[in-house]
Amino acid sequence: MKVLKIEEIVQGILDGNRRAVSRGISVVENDYDTAAARRIIREIFPHTGHAQIVGITGPPGIGKSTMIGNLSATLSKKGFRISVVAIDASSPFSGGSLLGNRIRMQESLSKYGVYMRSLANRGLNGGLSRSVWDTVKILDASGSDYIIVETVGAGQADLDIVNLADTVIVVLGPGLGDEIQAIKAGIMEIGHVFVINKMDRQGAFIAMKDIEETLAMSPKGEWKPPVIGVNSLNGEGYEAFIEKIQEHRSFVKSHSDLTMRKFRTELQRTILEELRRRFESDISHFLSDNEEIKQLVRDKIDPYSAAEKLVKKIA
Amino acid sequence: MDPGKNQSLFKDKPIKILLAKPGIDGHDRGILVLAKAFRDAGMEVIYVGLLPTPEEVVDTAINEDVDVVALSLLNGAHMTVFKKVADLMREKGVRDIAIVGGGTIPDADKPKLEKLGITGNYGPGTPIAEIINHITERAAEIRKLKATGE
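Residues numbered from 1 in each chain as written. Chains lettered and ligands numbered in written order. Predicted model: local features only at pLDDT ≥ 70, side-chain atom pairs only at ≥ 80, totals over all residues.

Right, let's talk about the overall build of chain A for a bit. Per the secondary structure count, chain A includes 14 helices and eight strands. Taken along its principal axes, the extent of the C-alpha atoms in chain A is 65 × 55 × 40 Å. Put simply, chain A has 315 residues, and 41% of those count as buried. Long-range pairs, those at least 24 residues apart, make up 72% of the contacts in chain A between residues at least 6 apart in sequence. (Helix = DSSP H or I, 4+ residues; strand = E, 2+ residues; numbered from the N terminus. Buried ≥ 20, exposed ≤ 12 C-beta atoms within 10 Å, placed from the backbone. Contact = placed C-beta atoms within 7 Å.)

Ranked by internal contacts, the top residues of the largest apolar core, which has 109 residues, are Val149(A), Ile17(B), Leu19(B) and Val69(B). Two domains each donate at least three residues to this core, and these are domain 1 (1–47) and domain 2 (48–254) of chain A. Apart from the residues lying within four places of it in its own chain, the contact partners of Val69(B) are Leu18(B), Ala20(B), Val57(B), Ala61(B), Ile97(B) and Ile99(B). (Core = buried A, V, L, I, M, F, W, Y, C linked by C-beta atoms within 7 Å. Domains from an automatic or database assignment.)

The next thing to look at is the domain arrangement of chain A. Partitioning chain A into structural domains gives domain 1 (1–47), domain 2 (48–254) and domain 3 (263–314). One C-alpha centre belongs to domain 2 of chain A, the other to domain 3 of chain A, and the line joining them spans 37 Å.

Between chain A and chain B, the contact holds 34 residues from the first and 32 residues from the second. Those elements that place two or more of their residues in the side of chain A that touches chain B are helix H2 (18–30), strand E3 (97–99), helix H5 (106–112) and strand E4 (115–120) of chain A. Top contributing element to the side of chain A that touches chain B by residue count: H2(A), with seven residues. For the side of chain A that touches chain B, a count of residues per class yields 12 nonpolar, 14 polar and eight charged. Examined bridge by bridge, E3(A) and strand E2 (residues 44–50) of chain B share three bridges and lie parallel to one another. Across the sheet, Leu98(A) pairs through a bridge with Val45(B), a residue of E2(B). (Nonpolar A, V, L, I, M, F, W, Y, C, P; charged D, E, K, R; others polar. Pairing = 2+ DSSP bridges.)

Our focus in this paragraph is helix H11 (residues 238–253) of chain A. All names here are of chain A. Taking 1.5 Å as the rise per residue, H11 with 16 residues should run 22 Å; its terminal C-alpha atoms sit 23 Å apart, in good agreement. For H11, every residue scored as buried is listed here: Tyr238, Phe241, Ile245 and His248. Along H11, the residues classed as buried sweep out an arc of 85° about the axis, all on the same side. Along H11, exposed side chains directed more than 90 degrees from the buried face belong to Glu239, Glu243, Ser250 and Lys253. (Expected span 1.5 Å × (residues − 1). Arc of directions from axis to C-beta.)

On to the packing of H2(A) against helix H2 (residues 54–64) of chain B. Between H2(A) and H2(B), whose axes approach to 7 Å, the crossing angle comes to 45°. If you check the angle between H2(A) and H2(B), you find them oblique. For the pair formed by H2(A) and H2(B), the contact residues are Arg18(A), Arg19(A) and Ser22(A) on the first element and Ile62(B), Asn63(B) and Glu64(B) on the second. (Axes fitted to C-alpha atoms, helices over the stretch in contact; angles between N-to-C directions. Parallel < 35°, antiparallel > 145°, perpendicular 65-115°, else oblique.)

This part covers the confidence of the model for chain B. Residue and element names in this part refer to chain B. Overall, the prediction assigns chain B a mean pLDDT of 89, with 91% of residues at 70 or greater. By mean pLDDT, E2 is the weakest element of chain B at 90, and strand E3 (residues 68–73) is the strongest at 96. In this model, residues 1–8 is a region of pLDDT below 50 whose contacts with residues beyond four sequence positions or in other chains number seven contacts. Model confidence for the complex: the whole-complex pTM is 0.89, and ipTM, which rates the interface, is 0.88. (pLDDT = per-residue confidence, 0-100.)

Our next topic: unusual backbone geometry. One can expect most non-glycine residues to show negative phi and most peptide bonds to be in trans. All names here are of chain A. Non-glycine residue Arg122 carries a positive phi angle of around 45°. Structurally, Arg122 is set in the loop between E4 and helix H6 (132–141). Classification of Arg122 by C-beta neighbours within 10 Å gives buried; the count is 22. Positioned with a positive phi, Lys300 is a non-glycine residue whose angle comes to about 55°. Topologically, Lys300 is positioned in the loop between helix H13 (291–298) and helix H14 (303–314). A count of 6 C-beta atoms within 10 Å places Lys300 in the exposed class.

Residues and elements named next belong to chain B. Burial analysis of strand E4 (residues 98–103) places six of its six residues in the buried class, which makes it a mostly covered element. Here E4 shows no split at all, with Ala98, Val100 and Gly102 on one side and Ile99, Gly101 and Gly103 on the other all buried. Relative to E4, E3 is paired through six bridges, and the arrangement is parallel. Bridged to Val69 within E4 is Ile99. Read from E3 through helix H3 (residues 78–91) to E4, the crossover connection turns out right-handed. Across four bridges, E4 lies against strand E5 (residues 118–122) in parallel orientation. Opposite Ile99, over in E5, you have Ile118 as the bridge partner. (Right-handed = clockwise from strand over helix to strand, strands pointing away.)

Next up on the list: the sheet that holds E4(B). The parallel open sheet is built from six strands, whose spatial order is E3(A)-E2(B)-E1(B)-E3(B)-E4(B)-E5(B). A strand with exactly one partner marks an edge of an open sheet, and here the two such strands are E3 of chain A together with E5 of chain B. Looking at each pair of strands side by side, their axes are set apart by 25° on average, direction ignored. Where strand E1 (residues 16–21) of chain B lies against E2(B), five bridges are found, and the strand directions are parallel. Its bridge partner lying in E2(B), Lys16(B) is registered against Glu44(B). Docked against the sheet, helix H5 (residues 128–148) of chain B engages E1, E3, E4 and E5 of chain B, running at close to 165° with respect to E4(B).

Given below as structure tokens:
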């Protein structure tokens, strides 16, 4: 096989060819603002919209990767096509990364032919990577029924997943804190399904109770987030878990405003990025070592006024 | 560390490398040291754990679209298993992923591995910088191949 051309990548993605899917993801990851990356997304976009994007988030070490291994195995056995995207942190010092999520799910990946891709966050805060939005589009167009996205082991404020996923699974476990922890803002507000992993451990039922009580106090939306206990070692609770994921899928399908809101958020993000890209050279020009910036320092101009003055020049 | 590097998005395209010990070999100290060294050299590193089959290594390399696959064996099976990985790559028509090797490899075997396209083949005691240099070179070749087809 020769080296893949863009039209071969596009066709291959639509045919569900693994190599084309992989190379397509590399293009949108490494060359995101090139014509090639935009062309791939433009041409596959009409074929997206089938897959349910399931985001899995929660603190590090709670068992997200193991859970995805079980989830993808159970869903594959039901005849669904599963793709997995797992994101790990890049080092802020070297830019390198150790993408270690695969090791926990390798068995189900090989056994059921699940496609799995590891991404490094490359400095993006919020639990995702910049390329993940385009990556799920490619996996969607390639014929996946479910795309499972694992966030970087998240803290309370890494909430970008809510803008990407149709269904957000928040994974928690025993021993993470009391009900005060559970009423804090952030991660407790974004889940559509809450899962308590490690149900075999002491304190698991108390954790479940804490989460249920917190959710009972939350404002009542149309969707009431359920709390499910699972044991990833023996697969206990996974059937109920999957039922809830599918229930939420029909809920999303019957509420077109949710899809609209997701599109708006993504468009907003893309517009901001486009503006940033367009004015990047202007901005770095303002910040360069020029006479104007020295004058601003000498005149003791505050940053807000200085920025206003400089931005006027572009517009 | 460049100031503010973690605040803005990275602009560079890190080398993506898959580390694997295909075959029955549990001696993973070396490969773990390398995994960390490669990470610190700015690469995106995937380690598939112990005992993957050559088929799993090749599938993973394709699905992750890595630039380089680095194989390590200390059990003497390199002529069988490394070859199997190279053969599978060729069967699947993949020529834009580089394969490098390492472990306890006798000098007599090195030219044979080179002929299969498996380069490096470093043994114990090799300075890590030498290995990183070699991988950087191979990755650059591969990136050029992907971009231009040559």
